[in-house]
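# A closer look at the structure
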Amino acid sequence: MEEILFDEILHEIFTRLPSSSSSSSLPTFESVPLVSKRWLRLYRASKTSMSFRINPHDSSVITLLPSILRNHPSLSSLRFVFDPKTPIIFPSAAESNFDDRLISIVSSSCCSNLRKLCFLVNPLSPSSLLPLSTSSLSLTSLSLKLLGPVSFHWVASFPSLKDLSVDVSSRNSSGSLTGSNPNPDVVVELGLESVSLAGIQSDDTGVTWLWKRCRKLKRLSLRSCGTVGETELFGLCLKNLEEVELRTCRSIVDVVLLKVSEVCESLNSLLIHDGGSKDGLAHFVKNSRCNDSLKTLDLRLPMDLMDEHLVSLAANFKSLSTLRLTSCYFVTGESLKVLALSFSSSLEELSLRSCDAVERETGLLATLGQHLGRLRKLELSFNEWLYDKEVVSMLASCGGLVELDLRGCKNLTGFVLVSLNKSCVKLRSLDITSCRLIQAGEVEAFVMKSQRLKKIVVEESKITEAAMKWASSKLIEVVALDSDVPW
């Protein structure tokens, strides 16, 4: 039968097989090359992405990589990451030459189809990217580490680039910009729609060059950054922004939120983690121009998020569908109730992760559940002093839940599982990892009685043989973890 099938038909069959990460009992895509040399050839021709862990001290990589890439002609996505087993030292001249040769091999071996490249081995200099810029004109996504202080003029050499991620992970010895702009007076608009920057220091003035040329930006992510360059030019690139993420950016969060509130009218997602500003956040929720478009708000600001911020949010934003709050130590149940009442007709996902008010205020969850009847996803993870009565009282009003995360709620018992099967018949995904009082027999009974469950995450020790049989018969994916899992 196999002999009469054309290569094109087999190729199509192979691409429809599940990957090895799937819980399916069917043959996987990765098992195809074990059948015959013909299937091995077709498997290689079908593969569109590959990932490598690189040891810069292993010269065999340079020898073997060209052959590997030539045998996989359809590759459109490549990922190179630093092998964690390799000792971490500042890149030497030999390692810089290794990186240059690696980039050169990629450029010459798979330039025609390459669309995405992630190179996170060692920090590069822009000159290392020259072979890539001249051969891979169709590259749309690029992730890499650069030596700082950094300039970004080299980005103009990639005309198709839509997604740029740069981690400025170290400084060169001279302290000068790694590269200079050959035509400083020429302003060519870039096609970038997503920019992610990490490690930009206060003296990295080259970032201004980037903002001056970005007018199509839709997503901006900044991590551990100390500057945004010239504020006015930074504001010019925000007009069409839809998503902003700020992580550990305390020194610039004020200016970013100010400009976002002034310029952005179509922002639909905002994330601020580990470094906020009371005043900056207050200005944003009171004066933002995106109060009709914002759908997702994700805040992890243990020392900066207050009741007044949430009350203002409820007063000025009416269409939030997703709200995630983590470690909100100074937030009380009163402001959460105001939020629930305001967003009762729109909120579909709520996360109150390690939230003091949830643990200390009796009846809070029941009130939230009564207001939030449209909830489909709920996370109450790492509320260690949360008890059955509080959770069950909320679940009684949340019959539409499809996802529930109770990870790390150490005082919950199997009674919650019984309540879930009664109140939340639409539930498809449940995480009860590190719920130490829930027993294996109770997990087994829950899986057996569940109606629509498709995924459960729990410690391996709590999955019995009978539970696995029930899960298999119901096509439920079981993610069995070895032990307690941290954040």
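Residues numbered from 1 in each chain as written. Predicted model: local features only at pLDDT ≥ 70, side-chain atom pairs only at ≥ 80, totals over all residues. Heavy atoms only, no water.

### Regarding unusual backbone geometry
Basically, it comes down to this: A run of H or I in DSSP becomes a helix once it reaches four residues, and a run of E becomes a strand once it reaches two; helices and strands are each numbered from the N terminus. Summary of the burial criterion: residues with accessible area below 20% of their type's maximum are buried, those above 50% are exposed, and those between are partly exposed, where the area comes from a 1.4 Å probe applied to protein chains only.
Note that the residue after Gly 148, namely Pro 149, is joined by a cis bond; omega there is -5°. Mapped onto the elements, Pro 149 comes out in the loop between strand E4 (141–148) and strand E5 (163–171). At Ser 224, a residue that is not glycine, the phi angle is positive and equals roughly 50°. With respect to the element layout, Ser 224 can be found in the loop between strand E7 (219–223) and helix H7 (231–236). Given the relative accessible area of 34%, Ser 224 is considered partly exposed.

### Quick notes on the nonpolar core
Filter applied, for reference: The term nonpolar core refers to a set of buried residues drawn from Ala, Val, Leu, Ile, Met, Phe, Trp, Tyr and Cys, joined through side-chain atoms within 4.5 Å. Should any heavy atoms of two residues lie within 4.5 Å, those residues are counted as being in contact.
Counting residues in hydrophobic clusters, the biggest one holds 132 residues, and the most contacted among them are Phe 80, Phe 152, Trp 154, Trp 211 and Leu 336. Ranked by residue count, the leading element in this core is helix H4 (residues 93–109), at 5 residues. Ignoring sequence-local partners within four residues, the contact set of Leu 336 consists of Leu 310, Leu 325, Val 331, Leu 352, Cys 355, Ala 357, Leu 364 and Leu 368.

### Here we look at the pairing of strand E3 (residues 116–124)
Spelled out, the test is: When DSSP finds at least two bridges between two strands, those strands are taken to pair.
Among the 9 residues of E3, 7 are classified as buried, and the element is accordingly described as predominantly covered. Across 5 bridges, strand E2 (residues 77–82) lies against E3 in parallel orientation. Bridging from a neighbouring strand, Arg 79 pairs with Cys 118 of E3. Across 5 bridges, E3 lies against E4 in parallel orientation. Within E4, the residue paired with Phe 119 across the bridge is Leu 144.

### Describing a nonpolar patch on the surface
Heads up, the rule is: Within this analysis, patches are made of residues with over 30% relative accessible area and no salt bridge. Like charges are joined at 9 Å or less; nonpolar side chains (Val, Leu, Ile, Met, Phe, Trp, Tyr) at 5 Å or less. Values of accessible area rely on a 1.4 Å probe in the Shrake-Rupley scheme; residue burial ignores everything except the protein chains shown. Criterion for a salt bridge: a side-chain nitrogen of Lys or Arg within 4 Å of a carboxyl oxygen of Asp or Glu.
Among the surface-exposed residues, Met 303, Tyr 329 and Phe 330 lie close enough to one another that they form a single nonpolar patch of about 300 Å² accessible area. Tracing the backbone shows Met 303 in the loop between strand E10 (296–300) and helix H10 (307–316).

### Structural notes on the pairing of E7
This is how it is decided: Handedness of a crossover is defined as follows: orient the strands so they point away from the viewer, and if the path from the first strand over the helix to the second runs clockwise, the crossover is right-handed.
Of the pairings in the sheet, the one linking strand E6 (residues 194–198) to E7 comprises 5 bridges and is parallel in character. Residue pairing across strands places Ser 196 opposite Ser 221, the latter belonging to E7. Once you follow E6 into helix H6 (residues 207–213) and on to E7, the crossover reads as right-handed. Where E7 and strand E8 (residues 243–247) come together, 5 bridges link them in parallel fashion. Along E8, the bridge assignment pairs Arg 219 with Glu 243. Between the parallel pair E7 and E8, the chain is carried across by H7, and the sense of this crossover is right-handed.

### As for the environment of Phe 98
Within the secondary structure, Phe 98 sits in helix H4. Residue Phe 98 is classed as buried on the basis of its relative accessible area, which comes to 6%. Taking the C-alpha atoms as reference points, Phe 98 and Asp 58, separated by 40 residues in sequence, lie 9.5 Å from one another. Setting aside its immediate chain neighbours within four residues, Phe 98 contacts Ile 54, Asn 55, Pro 56, Asp 58, Val 61 and Ile 62.

### Points about the confidence of the model for the protein
Applied cut-off: In predicted models, pLDDT denotes the confidence assigned by the predictor to each residue on a 0 to 100 scale.
Model confidence for the protein is summarised by a mean pLDDT of 87, while 84% of its residues fall at 70 or above. A low-confidence stretch, residues 21–27 stays under pLDDT 50, and its non-local contacts, those more than four residues away or across chains, total 5 contacts.

### Some thoughts on the side chain of Ser 381
Mapped onto the elements, Ser 381 comes out in the loop between strand E13 (377–379) and helix H14 (388–395). Those residues in contact with Ser 381 that lie beyond four places of it in its chain are Leu 352, Arg 353, Ser 354, Asp 405, Leu 406, Arg 407 and Cys 409.

### So, the pattern of salt bridges
Under the criterion given, the structure shown has 20 salt bridges. Note that Glu 243 is salt-bridged to Arg 219, the shortest N-O span being 3.5 Å. With Glu 243 in strand E8 and Arg 219 in strand E7, the pair connects residues that are 24 residues apart, well separated along the chain. A relative accessible area of 25% places Glu 243 in the partly exposed class. With a shortest N-O distance of 2.4 Å, Asp 274 and Arg 300 are connected by a salt bridge. Residue Asp 274 is located in the loop between strand E9 (269–273) and helix H9 (278–287), and its partner Arg 300 is located in strand E10; the two are separated by 26 residues in the primary sequence. The network of salt bridges with common partners includes Arg 219, Glu 243, Glu 245 and Arg 247.

### Details of the packing of aromatic side chains
What counts is decided by this rule: What counts as a ring pair is set by centres within 6.5 Å for rings of Phe, Tyr and Trp (its six-membered ring), and what kind of pair is set by the plane angle: stacked under 30 degrees, edge-to-face over 60, tilted for all other angles.
According to the stated counting rule, one finds 5 aromatic pairs in the structure shown. Plain terms: the ring middles of Trp 154 and Phe 158 are 6.3 Å apart, the flat faces sit at 90° to each other, and that makes the pair edge-to-face. Of the two residues examined, Trp 154 and Phe 158, each falls in the buried class. Ring centres 5.3 Å apart and planes at 70° place the aromatic pair Trp 211 and Phe 234 in the edge-to-face group.

### With respect to helix H3 (residues 60–70)
Rules: As used here, the arc is the angular range of directions from the helix axis to the C-beta atoms.
The set of residues buried in H3 consists of Val 61, Ile 62, Leu 65, Pro 66 and Leu 69. Considered in projection along H3, the buried side chains sweep an arc of 130° and stay on one side of the axis. Away from its buried face, by an angle of more than 90 degrees, H3 presents the exposed residues Thr 63 and Arg 70.

### Re the side chain of Asn 383
Secondary-structure assignment places Asn 383 in the loop between E13 and H14. Classification of Asn 383 as buried rests on a relative accessible area of 0%. Other than its neighbours up to four places away in sequence, Asn 383 contacts Leu 352, Ser 354, Cys 355, Val 358, Glu 359, Gly 408 and Cys 409.

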